[in-house]
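# Structure assessment
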Amino acid sequence: MKILTAALTAAALLTAAGCGGGSGSGSGSGDSGPIDLRMTIWSANAKHVALFDQIAAAYKKDHPEIGKITFESIPFDSYTTTLTTQIGGGNVPDLAWIFESNAPDFVSSGALEPIDKDADLLPSTTANWEKDGKLYAYPFSTSPLGVFVNTDLVKAAGRPAPAQQIASGTWTWEEAAKTAAAVQARGKGGVVVGDFDYKGWDTLNAIWAGWGARPWSEDGKTCQFDQPAMVDAMTFVHKLIFTDKGMPGPGVTKDFYAGDSAMVVTQISRAALLEKAKFQWDLVPLPKGPSGGYSVVGQAGIGVFKRGKHADAAKQFLAYFSNAENSAKLAQFFPPPRKSQLNSATLAKANPLLKPAQLDSVVVKGIENGTIKPSHTGYAEVQQTVRAALDPLWKPDADVKSVLSGVCSKINPLLAK
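Quick summary incoming for the structure in this document. The residue numbering used here restarts from 1 in each chain and proceeds along that chain's sequence as written. Totals for whole chains, interfaces and linings use every residue, but because this is a predicted model, local features are given only for residues with pLDDT of at least 70 and side-chain atom pairs only at 80 or more, for both listing and counting. Only hydrogens and water are set aside; all other atoms, that is, all heavy atoms of the structure, feed into the side-chain values.

## What about the pattern of salt bridges?
For the record, the criterion: Throughout this description, the term salt bridge denotes a Lys or Arg side-chain nitrogen within 4 Å of a carboxyl oxygen of Asp or Glu. Secondary structure is summarised from DSSP: a helix means a run of H or I of at least four residues, a strand means a run of E of at least two, and numbering begins at the N terminus for each. Working definition: with a 1.4 Å probe on protein chains only, accessible area under 20% of the residue-type maximum means buried, over 50% means exposed, and in between means partly exposed.
In this structure the tally under the stated criterion is 13 salt bridges. Measuring nitrogen to oxygen at the nearest pair gives 3.1 Å for the salt bridge that ties Asp118 to Arg338. Here Asp118, found in the loop between α4 (103-109) and α5 (123-126), pairs with Arg338, found in the loop between α12 (324-330) and α13 (344-350); they are 220 residues apart in sequence, far enough to count as distant. Its relative accessible area of 34% is what places Asp118 among the partly exposed residues. Residues participating in the shared-partner salt-bridge network are Asp118, Asp120 and Arg338.

This is how it looks when you write it as structure tokens:
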């Protein structure tokens, strides 16, 4: 798939040429009516959208030039493809959420407007979105991955709660696998990796990082799927699925939030789904891997498109949407990148479902010490290629090392571009 690079390159060329729809200033000064803004998002969660609408309504009170501010929800699985199709077709949104995995493409393409960089933002949260000293997207969600635990299912399976294991220093992937297998043997799901479903292979970063594994070298030029650390990590995953029976297999869905699995690896924004849970639950950090304790951070930025109809107005709205006051409100779902707000006391005010200790161990320490999920230019093509190359792995008799070597043979030419 080359749609992302092609669409963004086209947008950059249009910007440089100064042609096409939309004014370069995006101020709306040439419009006869009010300025309407559109931001694409991948959440359809009613509480998320209600908060966005609330922020937009407050902004419009002091900005009579603004007409409508629309938050257009695009399904998560097809989000980037749909967004880049819109860009390539000339239907450019004013603002958009952007995955961390696609940050290099969007930032390097020239399609985004530079935005003001607040001194309160942690440098580690903005690195993905910077080029030549300028910031091209606001990292509105910098969310470490944690493990939500159905403690009722764990107890019923005769296994110690993860919180107990943390206290005794035994919370490891090996022990988590034993707990998952014990629960799954009783008819429920063991451990579920959020958004994986045997398609989103990059979500397994939440596991393989515990082995010190990477999908490619730090400079992005060489595949590392075939390296010993990754082979060991993916052998663990394969064994967890097909031998230990601790992770639902291909085609099997177990909904943690409905009480159907013992654990789910995901971000705290999903905590809202547990508001009416009929079971006892906990939130704990990722288990230790062979390489020790670690944290993986998922991130999303909000960018303003140069070819949007109202780029200047969009930048002004983004500045308001992301100010300290609204950042504190957004922290209910999306951990903030602000140093002043990265503490359990502030986060607890916005996250009543989570305890300060949970927020401190998973979110605060995770952001301070974690690494951002991997990204690469041309990520859409790399992602699809890896997904196809990994398909043979999801069978009981798969040769893990051979499959991973095959992944490298497929993507090394892409990484070297």
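## Quick word on the side chain of Asp105
Test applied: Under this definition, polar contacts are N or O atom pairs within 3.5 Å; protein pairs additionally need one hydrogen-donor-capable and one acceptor-capable atom, and for neighbouring residues in sequence, both atoms have to be side-chain atoms.
With respect to the helices and strands, Asp105 occurs in helix α4. Here the side chain of Asp105 touches Gly378 through a polar contact of 2.8 Å, landing on its backbone nitrogen.

## Remarks on the packing of aromatic side chains
As a reminder, the rule being used: Under the pairing criterion, centres of Phe, Tyr and Trp rings, with the six-membered ring standing for Trp, must be within 6.5 Å; the plane angle then separates stacked pairs below 30 degrees from edge-to-face pairs above 60, leaving the rest tilted.
Taken as a whole, this structure holds 33 aromatic pairs when the rule is applied. Where Phe256 meets Phe279, the ring centres are 5.7 Å apart and the plane angle is 80°; that geometry is what we call edge-to-face. A residue pair is termed long-range when its members are at least 10 positions apart, and Phe256 in the loop between α10 (228-242) and β8 (261-267) and Phe279 in the loop between β8 and β9 (281-285) qualify at 23 residues. A relative accessible area of 1% means that Phe256 is categorised as buried.

## A closer look at empty space enclosed by the protein
The line we're drawing: In this analysis a 1.4 Å probe is tested at points of a 1 Å grid over the protein atoms alone, and where it fits but cannot get out there is a cavity; an open set with protein on both sides within 12 Å along at least five of seven lines is a pocket; lining residues have an atom within 4 Å of a point. Grid points are joined across faces, edges and corners, and a volume is the space filled by probe spheres set on the points. Polarity classes work like this: nonpolar for Ala, Val, Leu, Ile, Met, Phe, Trp, Tyr, Cys and Pro, charged for Asp, Glu, Lys and Arg, and polar for all others, with Gly in that last group.
Tallying each qualifying case throughout the model produces one cavity of 30 Å³ or more. Looking at the largest cavity, its volume works out to about 30 Å³. Considered class by class, the residues forming the lining of the largest cavity number five nonpolar, no polar and three charged.

## A few points about the packing of helix α2 (residues 46-61) against helix α11 (residues 311-321)
The criterion, for reference: Where helices are involved, their axes are fitted lines through C-alpha atoms of the stretch in contact, as for all axes, and angles between N-to-C directions lie from 0 to 180°. In this scheme the crossing of two helices becomes right-handed for a clockwise turn of the near helix relative to the far one and left-handed for an anticlockwise turn of less than a right angle. Here a residue-residue contact requires only that any non-hydrogen atoms of the pair lie within 4.5 Å.
Where α2 meets α11, the closest approach of the two axes is 10 Å, and the angle between their N-to-C directions is 115°. For α2 against α11, the interelement crossing comes out right-handed. For the pair formed by α2 and α11, the contact residues are Phe52, Ile55, Ala56, Ala58 and Tyr59 on the first element and Ala313, Gln316, Phe317, Tyr320 and Phe321 on the second. Broken down by class, the residue content of the contact of α2 with α11 amounts to nine nonpolar, one polar and no charged.

## Details of the nonpolar core
As a reminder, the rule being used: Take the buried Ala, Val, Leu, Ile, Met, Phe, Trp, Tyr and Cys residues and link them wherever side-chain atoms come within 4.5 Å; each set so joined is a nonpolar core.
Phe225, Met234, Leu390 and Trp394 are the most contacted members of the largest nonpolar core, which has 60 residues in total. Looking at this core, the element that brings in the most residues is α10, giving nine residues. Discounting chain neighbours no more than four positions away, the residues touching Leu390 are Trp201, Met234, Val403, Leu404 and Val407. Within the second largest apolar cluster, 50 residues are counted, among which are Ala56, Ile87, Ala103 and Leu330.

## Digging into the environment of Lys306
Secondary-structure assignment places Lys306 in the loop between β10 (296-304) and α11. Each C-alpha atom, one on Lys306 and one on Lys131, is 16 Å from the other, the two residues being 175 residues apart in sequence.

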